[in-house]
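As a plain string of letters, each chain reads:
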Amino acid sequence: MNDTIQRKLHIALRINWFCYIALLVLFAVRNLFVEGGSLALWLIQTVPLLLVLPGLIKQRYRSYLWLCFILLLYITSSIVDVMMPTRGWQDGAMMVLSLILFFSAMMSSRWHRMQ
């Protein structure tokens, strides 16, 4: 059973890092390189994600829990943005990445504790 958990955890951690980096890149592209973006909005969007980065690097299960709490803000915001008539592909990408990251971080935290 422990080998199965290790394998699941390894996959979840890869998904976590992919979605985490993709969200940071999406925020950078959306706010720094697209017209209408701003440096202040980029900082507001990225700083909460960067707060848990040291714990994610050290693979502490509590950091994954905190990431889930932080992601609830991004999920709520992106769902509201997706429902707006002026939505763009970035809103849908943010919603999908946030949801995938939320579920993989939640399961990573669980599997870390089971080890």
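Residues numbered from 1 in each chain as written. Predicted model: local features only at pLDDT ≥ 70, side-chain atom pairs only at ≥ 80, totals over all residues. Heavy atoms only, no water.

Draft legend 1. Spatial organisation of helix H2 (residues 39-51). Here H2 contains 13 residues, and its C-alpha end-to-end distance of 18 Å stays within 8% of the 18 Å for a straight helix at 1.5 Å per residue. Of all the bends in H2, the greatest, near 25 degrees, is centred on Gln 45, and the proline Pro 48 appears no more than four residues after it. Residues of H2 that are buried: Gln 45, Thr 46 and Leu 49. Packing partners of the buried residues in H2 comprise helix H1 (2-33), helix H3 (53-57) and helix H4 (61-82). (Helix = DSSP H or I, 4+ residues; strand = E, 2+ residues; numbered from the N terminus. Expected span 1.5 Å × (residues − 1). Bend = angle between axes of the 7 residues up to and from the residue. Buried < 20%, exposed > 50% of the residue type's maximum accessible area, 1.4 Å probe, protein only. Contact = heavy atoms within 4.5 Å.)

Draft legend 2. Structural view of the nonpolar core. Among the nonpolar cores identified, the biggest contains 26 residues, and Leu 23, Leu 49, Leu 67, Leu 71, Tyr 74 and Leu 101 are the most heavily contacted of them. When residues of this core are traced back to their parent elements, those giving at least two are H1, H4 and helix H5 (89-114). When residues in this core are grouped by element, the largest group, 10 residues, is from H1. Beyond its immediate stretch of four places on either side in the chain, Tyr 74 contacts Phe 27, Ile 44, Gln 45, Thr 46, Pro 48, Leu 49, Met 94 and Ser 98. (Core = buried A, V, L, I, M, F, W, Y, C linked by side-chain atoms within 4.5 Å.)

Draft legend 3. Here's a closer look at the packing of H4 against H5. Interhelical geometry of H4 versus H5 gives an angle of 160 degrees and a closest axis separation of 8 Å. Classified by the angle their axes make, H4 and H5 are roughly antiparallel. Of the two possible hands of crossing, H4 and H5 adopt the one that is left-handed. The residue makeup of the contact of H4 with H5, split by class, is 18 nonpolar, 7 polar and 3 charged. (Axes fitted to C-alpha atoms, helices over the stretch in contact; angles between N-to-C directions. Parallel < 35°, antiparallel > 145°, perpendicular 65-115°, else oblique. Left-handed = near helix turned anticlockwise from the far one by under 90°. Nonpolar A, V, L, I, M, F, W, Y, C, P; charged D, E, K, R; others polar.)

Draft legend 4. Looking closely at a nonpolar patch on the surface. A contiguous nonpolar patch, built from Ile 21, Val 25, Val 29, Leu 32, Phe 33, Val 34, Leu 39, Leu 43, Val 47 and Leu 51 and spanning about 910 Å² of accessible area, is present on the exposed surface. Those elements that place two or more of their residues in the nonpolar patch are H1 and H2. In terms of residues, the nonpolar patch owes the most to one element, H1, which gives 5 residues. Mapped onto the secondary structure, Val 25 falls in helix H1. (Patch = residues over 30% accessible without salt bridge, like charges linked within 9 Å, V, L, I, M, F, W, Y side chains within 5 Å. Areas by Shrake-Rupley, 256 points an atom, 1.4 Å probe, with all protein chains shown as cover. Salt bridge = Lys/Arg side-chain N within 4 Å of Asp/Glu carboxyl O.)

Draft legend 5. Looking closely at unusual backbone geometry. With a phi close to 55 degrees, Gln 59 is a non-glycine residue in the positive phi region. Inspection of the secondary structure assignment puts Gln 59 in the loop between H3 and H4.

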